[in-house]
Amino acid sequence: MVLRVLRWSPGSRERLQKYWVRARQGMTVLDALVEVQRGTDPTLAFRYACRVGMCGSCGMVINGRERWACRTLLSRLERGPVTVRPLYHFSLIRDLVVDMEPIKRKMLESKAVFVPRRPAEDDEGFAAVSGRSRERRAVDGAIECIGCGMCVSACTMVAHDPRFPGPAALNRVFTLQRDSRDGAHAERGEALLAEDVLTRCHTQANCTAVCPMQLSPTDSILALRRRALLQLVGFRPR
Amino acid sequence: MRDRRVLKRRLGSAEAWRGTKAGMWAWLIQRLAALGLLAVIALHLHNPFVRPVQAAVLGLVLLHGLLGVRAILLDFGLPARAHRALFLLALLAALAGFVAFWRWRWY
C-alpha cells in the first residue's frame, strides 16, 4: 500500500512524500510509519509513546480525519493511498510532529486550572467527591481528556478565531465549573461571557466526532452556555 | 526564532472534506441556505409570481428554519449524541413541509 506523508522542516516547503509499505494483517498506520522510519527513511519524524491507545501522542490527520495512528488499522481505511498529515492549528516542529503549546496556553488563558476553595493549610486530606453524586455524574463524560489535541485540530472555529479557547480548554472549564472544591467559579464565569468564548462554538460537533476517548466537548460547551444564560438573567447556576 | 508553520484545512482540497461529519454538514447547509435566501428573497420581492423562485424561497426557508430549530434544541439541553438524528429529522421535515405546502397552495 502507498503512504502519502506530509514532510516539512524549518525553511522548506511542505510536500507529500510517497512510501510503499507491505500491508500485513492487523497493521496500524503507526506500524506503517515505524516500518518506513526503520527501513526506507530514518529522517521521517513523528511522535508516539504508548502504542496502545492510551497517551494520545500519535494523533494525526489520516485520510482527512483526526485519528490516533496506533489504533487506526490500515484495513479499516478506504481503499487507495493513505494520506497522513500532522494535526491542524498547531505549529509544525517537523514532518508529523507539532508543538502542543496552544493546548496549555489556551487552558491558562481560559483559567482552566483548579483553584482550591480552601487554603491548603486548612485541608484535611483529600476532598472526595462521591462517584454517585450528582456533581460527579454531571461531568462523567468530560473528565478523561488526554490532551491529544485532536479536537482542537478538528474545530473550524479555532482556525478562524485565535482568541477562541477551543474544545479542550472549554471542556476542562466545564468540569471545574461543576467542581464544588473549586473556588474560581465566579471569575471563570465572567471570562466565559466574553465575545470570543462560548458564542464562537457553532455546534458543528467536529470535536466530539473525533475525540478518541469518546468525550463530548460539544455537550460541555452547550452546558456552559446554559449556565452563562442563567447567570445573565440573574440566576445562580448549580 | 523558530520558523512557524501552522496548517489549516483548505476549502478547495478534496482531502479536507473527506470524513466530514453530520454536524458539519448541518451547519454548512444552514449557512448556505441563509445565503441562498438572501438572493431568492431579492428576486421574490422583484416579482412574486415566478414559480421557481417561490419554490426556492419555500424550500430554503424550511431548510434554514428547521436546521435552526435543531440548533436551538441542542442549545436548550438535548444531548449532542442526538444531533445526527435531529439533522435527519430536519431534512425529512423540510422535504415533507415542502411537498405538503406546494400541493396545498391555493393560487
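Here the structure is shown first, and the text comes after it.
What you are looking at is a predicted structure, and each value in this text was computed from that prediction instead of being measured.

*Asks:* Would you mind going over the overall build of chain A in detail, with residue names and values included?
*Replies:* A tally of helices and strands in chain A yields nine helices and seven strands. With respect to the principal axes defined by its C-alpha atoms, chain A has extents near 60 × 35 × 35 Å. Each of the 238 residues in chain A was classed as buried or not, and the buried ones make up 38%. Contacts spanning at least 24 positions in sequence make up 63% of the contacts within chain A whose residues lie at least 6 apart.

*Asks:* Could you give an account of the sheet that holds strand S1 (residues 2-7) of chain A, with specific residues and numbers?
*Replies:* Residue and element names in this part refer to chain A. Taken together, five strands build an open sheet; the order of strands is S2-S1-S5-S3-S4 and the sheet is mixed. Two strands close off the open sheet at either side, each with one partner strand: strand S2 (15-20) and strand S4 (65-68). With strand direction ignored, the average angle separating the axes of adjacent strands in the sheet is 35°. In the sheet, S1 pairs with S2 via six bridges, with the strands oriented antiparallel. Across the sheet, the residue bridging to Val-5 is Gln-17, located in S2.

*Asks:* Summarise the interface of chain B and chain A; cite the residues concerned and give the values.
*Replies:* How big an interface is tends to be expressed through the accessible area that disappears when the partners come together. Listed per partner, the contact involves 24 residues of chain B and 28 residues of chain A. Only helix H1 (14-17), helix H2 (22-46) and helix H3 (51-75) of chain B provide two or more residues apiece to the side of chain B that touches chain A. Looking at the side of chain B that touches chain A residue by residue, the class counts come to 10 nonpolar, four polar and 10 charged.

Criteria and cut-off values
- Residues numbered from 1 in each chain as written.
- Chains lettered and ligands numbered in written order.
- Predicted model: local features only at pLDDT ≥ 70, side-chain atom pairs only at ≥ 80, totals over all residues.
- Helix = DSSP H or I, 4+ residues; strand = E, 2+ residues; numbered from the N terminus.
- Buried ≥ 20, exposed ≤ 12 C-beta atoms within 10 Å, placed from the backbone.
- Contact = placed C-beta atoms within 7 Å.
- Pairing = 2+ DSSP bridges.
- Axes fitted to C-alpha atoms, helices over the stretch in contact; angles between N-to-C directions.
- Nonpolar A, V, L, I, M, F, W, Y, C, P; charged D, E, K, R; others polar.

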